[in-house]
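# Descriptive structure summary
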Amino acid sequence: MDLRDEINRRRTFAIISHPDAGKTTLTEKLLLFGGAIRVAGAVKSNKIKKTATSDFMEIERQRGISVATSVMGFEYNGVKINILDTPGHKDFAEDTYRTLTAVDSVILVVDTAKGVEEQTRKLMEVCRMRNTPVIVFVNKMDREGIDPFDLCDEIEKELNINVRPLSWPINQGAKFKGVYNIYESSLNLFTPNQQEITETINFKDVTNPELDKIIGTDAIKLREDLSLVNGIYPEFSVEKYLAAEISPVFFGSALNNFGVQELLNCFIEIAPSPLPVKAIEREVNPYEEKFTGFVFKIHANMDPNHRDRIAFVKICSGIFQRNTNYHHVKIGKNFKFSTPTAFMADKKSIIDEAFPGDIVGIHDTGNFRIGDTLTEGEKIHFTGIPSFSPELFQYVVNADPMKTKQLTKGLDQLMDEGVAQLFTFDYNGRKVIGTVGALQFEVIQYRLLHEYGASCNYEGISLYKACWFSSKNKEQIDDFKKRKYQYIAKDKHGKDVFLADSPYILQNAQDNYPEINFQFKTEM
Ligand code: G4P
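Rules and cut-offs
Residues numbered from 1 in each chain as written. Predicted model: local features only at pLDDT ≥ 70, side-chain atom pairs only at ≥ 80, totals over all residues. Heavy atoms only, no water. Core = buried A, V, L, I, M, F, W, Y, C linked by side-chain atoms within 4.5 Å. Buried < 20%, exposed > 50% of the residue type's maximum accessible area, 1.4 Å probe, protein only. Helix = DSSP H or I, 4+ residues; strand = E, 2+ residues; numbered from the N terminus. Domains from an automatic or database assignment. Contact = heavy atoms within 4.5 Å. Salt bridge = Lys/Arg side-chain N within 4 Å of Asp/Glu carboxyl O. 1 Å grid on protein atoms, 1.4 Å probe; cavity = no way out; pocket = protein on both sides within 12 Å on 5 of 7 lines; lining within 4 Å. Points joined across faces, edges and corners; volume = space filled by probe spheres on them. Nonpolar A, V, L, I, M, F, W, Y, C, P; charged D, E, K, R; others polar. Near = heavy atom within 4 Å. Polar contact = N/O pair within 3.5 Å; in protein donor to acceptor, adjacent residues only side chain to side chain.

### Let's talk about the nonpolar core
In terms of nonpolar packing, the biggest core is built from 80 residues, with Leu100, Ile155, Trp168, Phe320 and Ile362 touching the most fellow members. The element best represented in this core is strand β15 (residues 309-317), accounting for six residues. When residues of this core are assigned to domains, at least three map to each of domain 1 (3-270) and domain 2 (277-375). Ignoring anything within four residues of it in the chain, the contact list for Ile362 reads Arg309, Ile310, Ala311, Val313, Phe320, Phe337, Pro340, Phe368 and Leu374. Ranked by size, the runner-up nonpolar core spans 31 residues in total, among them Phe13, Ile15, Leu30 and Val79.

If you want it as C-alpha cells, here you go:
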C-alpha cells in the first residue's frame, strides 16, 4: 500500500463528553467491533473515577494506567482507526484541549437525560475554533430523557452548531423500541443486551403498513417525527459536515450496544482522513513525502526512579521511521528514536514506521515540550495548541533554599508537560502557578518533592483571570504596562499577560485601552 492509500484509510478522532455521559462505554464498544478487545470492561481502568477527586495519588496512578490507553488504534473494515483518549476529569481539561489539536474529527456524546452539560460547551468551543467536524451521539436512550426535538434544539443553541439527525429514536426509556436509521434507511430494533449486535431490517419506505405490524402504534408517531425531521432540518451533506457547518446526530445506547455499529459504519464513511495541518510558515499537506509531526502531549513516568517521559507525536506528513534522524526545530538538534511505540487498544508495541494520522510515543529525557515540531530538516513550527486562562492561582514559594536549582528545573519540566501554567511578574520576579483545578497544586507539590527533591509552598493571591494582550498601538501597550505594572507578568513562552484581579479591573482596562486586544486564551 502506498503512502496515499495509508493516509486515506486513516481516521484519527477523539470522543468527548461531560463525565458520565458514556464516553468510556462507547469507546469500549467501538473497540469490541474492531475486535481490538474481547470483553467489555477492558478500558474501564482508563477512567478517572469521580470518587477520587480528593485523592490525587489515586488519580496520578490512574493517569499512569491511562498511558497505555491514551491512543487506541484498531482496524475495522480495512480502515485504521485511532481513538485519542481524553481525560474526563475536569481538572485535566487542558489535556483534552491539547489532544483535540491532534485529531481530524470528534464524536460528541450527550446524555439524553442531561442534555448539554458544562464541559461539553467548553470542549465544543475548542472544536469550533479549529473547525473540527463533529458527529453527535445521543446516549442512554434506554432511559427517560429530553424529547429528541427539544434536545436537538438545545444542542444547536447551546453549542452554537447546526445539527442534522441521521437516525431517529422510536420512543425512549422503558418504551424504547429502537431507531430508524435515516442514513441507511433501515429499522434497527432494540433488544436490551449488553454484548450482541442488533438485527437490522432494511426499510426504505416508512409509509409501508408493514411498519405498523413491526412497531405497532409507535409507527404513527415515527412517521410524523420523520416528516418533521425532513421538514425542519437541511439535507445532510458530507461536504457541510467536513466543513464543520453541520453535525449529524445519532441516537442509541452505548451500554446496550445499540446504535453503535450504525455510528461506526457512518463514521468510517464520512469522517475525514488526515487533513492538512497549519504551521506558522505554511500549511503542511499529509501527502507530502517528507516527515513532519508535532508533540501534543507529554506523559511523565510514574516511577520516580526513572524520570523519563513519553512524548506523543502526531504524524502530519510523510512516513515516520524508526532509527532515522529527525530535526527538533525548536532546539535545532537532530534526534533518532530507537523505540518509538504505537498503541493498539490495550497494548503498545515498538514500530518501524508510522503514517500521517498515527500517533507515536517517543522516549524523552527532557528535550521535548508540548507544541514542538519534528521534521526532516525544514524549519517550520506547527501552531494552534491552545492554552486557556487558569481558574485558580497561587504564588509558589521555595521552601528549601538549598534546592533552588531543583525547584526551577522541576517547575520547568512540569510546565513542559502542561500540568499547569507559570507566570512571572515583571516588576518583582515572583512566580505564580495557575491551574484549572485545585488538584494540580497538590500534584505539583508532590511531584516536585518525589521527582526533583525540591520543596515548595503556596501563598494565596487573589486573581480573577490571566489575559494575554496585544495591540498594534505601541503607545497604548506601553501606557497600559506602565499603569498596571503590578499586574503584568510573562507566561512560560515570554508572552505578556495581564493578571486581572477582578472582572471590574479587566472591564476597566478594556474600556480605557480600546485598541488592546485582551484574550482568555493563547496558542503556541
Ligand atoms: P464517561 O466515560 O463519559 O464518564 O461515562 P461512562 O462510559 O463511564 O458511563 C457512565 C455511566 O453511565 C456508567 O454507569 C455506564 O454504565 C452508564 N451508561 C453508559 N451508557 C449507557 C446507556 O446507554 N444506558 C444506560 N442506562 N447507562 C449507560 P456507572 O454505574 O457510573 O458505572 P459502572 O458501574 O457501570 O462502571
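Resuming the write-up.
### As for the pattern of salt bridges
Note that side chains of opposite charge can pair when their charged atoms are close. Scanning the model with the defined rule gives 32 salt bridges in all. In this structure, Glu75 engages Arg9 in a salt bridge whose closest nitrogen and oxygen atoms are separated by 3.0 Å. One end of the pair, Glu75, is in strand β2 (residues 71-76); the other, Arg9, is in the loop between α1 (3-8) and β1 (10-17), with 66 residues separating them in the sequence. Looking at Glu75, the relative accessible area reads 37%, which means it is partly exposed. Across the pair Asp496 and Lys490 runs a salt bridge whose closest N-O atoms are separated by 2.9 Å. Residue Asp496 is classed as buried on the basis of its relative accessible area, which comes to 18%.

### Looking at the layout of surface pockets
Considered as a void within the structure, the second largest pocket measures approximately 510 Å³ in volume. Together, 18 residues line the second largest pocket, and Arg130, Asn131, Pro276, Val277 and Lys278 are the ones closest to its centre. The residue makeup of the lining of the second largest pocket, split by class, is seven nonpolar, five polar and six charged. Two domains each put at least three residues into the lining of the second largest pocket: domain 1 (3-270) and domain 2 (277-375).

### A short note on the site of the ligand
In the vicinity of the ligand lie 18 residues, with Asp20, Lys23, Thr24, Thr25 and Ser253 positioned nearest. A distance of 2.6 Å separates an oxygen atom of the ligand from a polar backbone atom of Asp20. Top contributing element to the shell around the ligand by residue count: helix α2 (residues 23-33), with three residues.

### Things to note about the environment of Leu31
Positionally, Leu31 belongs in helix α2. The class for Leu31 is buried, based on a relative accessible area of 0%. The sequence separation of Leu31 and Ile81 amounts to 50 residues, and the corresponding C-alpha distance is 9.6 Å.

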